[in-house]
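Listed here are the chains, written in short residue letters.
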Amino acid sequence: MTSMSSSARPLLNRRLAEFGTTIFAEMSALAVRTGAINLGQGFPDTDGPEEIREAAVRALRDGRGNQYPPGPGVPELRAAVADHQLRRYGLSYDPDTEVLVTAGATEAIAAALLALVEPGDEVVALEPYYDSYAACVAMAGGTRVPVTLRPHEGAFRLDLDELRDAVTDRTRLLLLNTPHNPTGTVLTRPELAAIAELAVERDLLVVTDEVYEHLVFDTAEHIPLASFPGMRERTVTIGSAGKTFSFTGWKVGWVTAAPALLTAVRSAKQYLTYVASGPFQYAVAEALALPESYFAAYRQDMEAKRDLLAAGLAEAGFGVYRPAGTYFVTTDIRPLGERDGFAFCRSLPERAGVVAVPNAVFYDHREEGAPFVRFAFCKRLPVLQEAVQRLKTLAG
């Protein structure tokens, strides 16, 4: 057995050298080790609708999807995605040439960036961002250019002037996420209109991650960027079943885009997983056809959980940014006399028996995110109630 010399090249591709184990894995392991309530990783602790779970069982038993499904996804799901976009947003997509099924939204993001970005291209993304964005831009050889959402009047806001200034002659693509994880911001119609005008003016491609489209609260409204003038032909829209139907382990996502864009994304996707989640695709096709009452009840349930956790966090002494969308609450730990989100989150399981995630991992400008910590509320009410009770010890 030979040993590597100390001068040998590192094993990990240098493009990925800055990315270690994800914070979600670290904090979830910490929750298991300490027995703490895990409000860090964003997965529900109950399954979604029983009839949808049974639809997956039925597909398995009927032999649908047990072998390789078609590369673009099973026709039933592609038709259901197209119908969903038309019914909800008035966006018409051809299920055969403009819809692609992926292994969750994460693969959709990876395939889109690998397909559309070349070395030297700049990708403008809203900061803080879901951690896979940075890794996927790096794998594509692109340069990420963060535009920071900053707190303003109780919410995180986009500075449109800063966004315009971030675009250069090297900018290839805007990478957007609305409703936004981790801040809970939902971009407004005027903001989206301004982004659309910028994309058209500078001839930019746009990838929009809209996986929380069904989780918008109060007066917020989710509006797909592709619905704005000049955007349908330049926008790759990403959706997912995991967040909407609480089956995150099924890994069923999708892309809708004009034929030329979709063909490019599919060219990259076919060399990633080729296909995935066969029987689950049939179940998700049925899920997307659920009546509006399901989506309304799901939203109301999450809104009640948001209110419970937000109130409890405020009572515990956190500064709380009440989210307009997603199932995360971002908090400010400075009112507790803390400034370092990493240290705070690593000590919180011992101090209060709860796990959260430091927002700084979602920033290039770590100092911008240092005092912010994210909690997930996609958990059963008794779990959230117990977490709130535990967190109150911080105030004392």
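The structure reproduced in this document is the subject of the present report. Each chain has its residues counted from 1, running along the sequence as written. Owing to the predicted nature of the model, reporting of local features is limited to residues with pLDDT of at least 70; listing and counting of side-chain atom pairs is limited to 80 or more, with chain, interface and lining totals taken over all residues. Working from all heavy atoms in the structure, the side-chain values ignore hydrogens and water.

1. What to know about empty space enclosed by the protein
Grid points spaced at 1 Å and placed over the protein atoms alone form the basis of the search, with a cavity being a set where a 1.4 Å probe fits but cannot get out and a pocket an open set showing protein on both sides within 12 Å along at least five of seven lines. Lining residues have an atom within 4 Å of a point. Grid points are joined across faces, edges and corners, and a volume is the space filled by probe spheres set on the points. Inspection of the entire model under this criterion finds 1 cavity of 30 Å³ or more. Roughly 30 Å³ of internal volume is contained in the largest cavity. Around the largest cavity, the lining residues are Gln 85, Glu 210, Glu 213, Thr 237, Ile 238, Gly 239, Trp 254 and Thr 256. Segments assigned H or I by DSSP are reported as helices when at least four residues long, segments assigned E as strands when at least two residues long, and all are numbered from the N terminus. Where the lining of the largest cavity is concerned, the elements lending two or more residues are strand S9 (235–240) and strand S10 (253–256).

2. Focus: helix H1 (residues 23–34)
In this scheme, a helix's expected span is set at 1.5 Å multiplied by one less than its residue total. When the terminal C-alpha atoms of H1 are compared, their 16 Å separation across 12 residues agrees well with the 16 Å that a helix rising 1.5 Å per residue should span. Exposure is judged per residue with a 1.4 Å probe applied to protein chains only, and the accessible area is read against the type maximum: over 50% gives exposed, under 20% gives buried, and values in between give partly exposed. Where H1 is concerned, the buried positions are Ile 23, Phe 24, Met 27, Ser 28, Leu 30 and Ala 31. Summarising the axial view, the buried residues of H1 lie within an arc of 155°, below the 170-degree limit, and thus occupy one face. Across from the buried face of H1, at angles greater than 90 degrees, the exposed residues are Val 32 and Arg 33. Only heavy atoms matter for contacts: two residues are in contact if any of them lie within 4.5 Å across the pair. Those residues of H1 hidden inside the fold are in contact with strand S1 (37–38), helix H5 (131–139), helix H12 (341–352), strand S13 (354–355), strand S14 (357–358) and strand S15 (372–376). Backbone geometry just downstream of H1 places Gly 35 in the positive-phi region, at approximately 75°. Directions pointing from the helix axis toward each C-beta atom define the arc.

3. Examining the packing of aromatic side chains
Two rings from Phe, Tyr or Trp (for Trp, the six-membered ring) form a pair when their centres are within 6.5 Å of each other. A pair whose planes differ by under 30 degrees is stacked, one over 60 is edge-to-face, and the rest are tilted. Applying the stated criterion to the full structure yields 20 aromatic pairs. Aromatic pair Tyr 130 and Tyr 133: ring centres 6.0 Å apart, planes at 80°, arrangement edge-to-face. Given the relative accessible area of 24%, Tyr 130 is considered partly exposed. For the pair Trp 250 and Phe 280, a centre-to-centre distance of 4.6 Å together with 10° between the ring planes defines the contact as stacked. Of this pair, Trp 250 sits in the loop between helix H8 (241–245) and S10 while Phe 280 sits in helix H10 (residues 278–288); the two residues are 30 residues apart in sequence, bridging distant segments of the chain. Each member of the aromatic cluster is reached from another via a ring pair, and the members are Phe 24, Tyr 129, Tyr 130, Tyr 133 and Phe 362. Note on criteria: charge over ring means Lys NZ or Arg CZ within 6 Å of the ring centre, with the direction from the centre no more than 35 degrees off the ring normal. Across from the ring centre of Phe 295, 4.6 Å away, lies the NZ or CZ of Arg 88, which sits over that ring. The lysine or arginine in question, Lys 379, covers the ring of Phe 43, its NZ or CZ lying 4.1 Å from the ring centre.

4. A word on the sheet that holds strand S11 (residues 319–321)
Across the sheet, which stays open at both edges, the 4 strands sit in the order S11-S12-S15-S14 with antiparallel pairing between neighbours. Both outer strands of the open sheet, S11 and S14, are each paired with one neighbouring strand and no more. Two strands make a pair as long as DSSP finds a minimum of two bridges between them. In terms of strand pairing, S11 meets strand S12 (residues 328–332) through 3 bridges, oriented antiparallel. Paired with Gly 319 across the strands is Asp 332, a residue of S12.

5. Overview of a nonpolar patch on the surface
Residues forming no salt bridge and having over 30% relative accessible area are the ones grouped into patches, like charges within 9 Å of each other and nonpolar side chains (Val, Leu, Ile, Met, Phe, Trp, Tyr) within 5 Å. The protein chains shown are the only cover counted for residues, whose accessible areas, like all others here, come from Shrake-Rupley with a 1.4 Å probe. For this document, the term salt bridge refers to a Lys or Arg side-chain nitrogen within 4 Å of an Asp or Glu carboxyl oxygen. A surface patch of nonpolar side chains, amounting to about 230 Å² of accessible area, comprises Leu 114, Met 139 and Leu 272. Examined against the element boundaries, Leu 114 turns out to sit in helix H4 (residues 104–116). Assessed through its relative accessible area of 34%, Leu 114 is described here as partly exposed.

6. So, the side chain of Thr 208
Positionally, Thr 208 belongs in strand S8 (residues 205–209). Using a relative accessible area of 2% as the deciding quantity, one classes Thr 208 as buried. In this structure the side chain of Thr 208 is engaged in a polar contact, spanning 2.9 Å, whose partner is the side chain of Glu 210. For Thr 208, the contacting residues outside a window of four places in its chain are Leu 176, Leu 225, Thr 235, Val 236, Thr 237 and Ile 238. Whenever a nitrogen or oxygen atom comes within 3.5 Å of another N or O atom, the pair is scored as a polar contact, on the condition that within protein one atom can donate a hydrogen and the other can accept it, and that pairs from neighbouring residues in sequence are kept only if both atoms are in side chains.

7. A word on the layout of surface pockets
Its volume calculated, the largest pocket comes out at about 1,000 Å³. Breaking the lining of the largest pocket down by element, the ones donating at least two residues are H1, H4, H5, H8 and H12. It is H5 that provides the largest number of residues to the lining of the largest pocket, a total of 5 residues. There is about 320 Å³ of room inside the second largest pocket.

8. Focus on the packing of H4 against H5
Running from amino to carboxyl end, H4 crosses H5 at an angle of 30°, the nearest separation of the two axes being 9 Å. When the axis of H4 is compared with that of H5, the two are roughly parallel. At the point where H4 passes H5, the crossing takes the right-handed sense. Residues Thr 106, Ile 109, Ala 110, Leu 113 and Leu 114 of H4 form the contact with H5, whose own contacting residues are Ser 132, Tyr 133, Cys 136, Val 137 and Met 139. Put simply, Ala, Val, Leu, Ile, Met, Phe, Trp, Tyr, Cys and Pro go in the nonpolar bin, Asp, Glu, Lys and Arg in the charged bin, and everything else, Gly too, in the polar bin. Classifying every residue of the contact of H4 with H5 by side-chain character gives 8 nonpolar, 2 polar and no charged. Whenever a helix is involved, its axis is fitted only over the stretch in contact; in every case the axis is a line through C-alpha atoms, and angles between N-to-C directions fall within 0 to 180 degrees. Oblique is the label for any angle not under 35 degrees, not over 145, and not in the 65 to 115 range, which are roughly parallel, roughly antiparallel and roughly perpendicular in turn. In this scheme the crossing of two helices becomes right-handed for a clockwise turn of the near helix relative to the far one and left-handed for an anticlockwise turn of less than a right angle.

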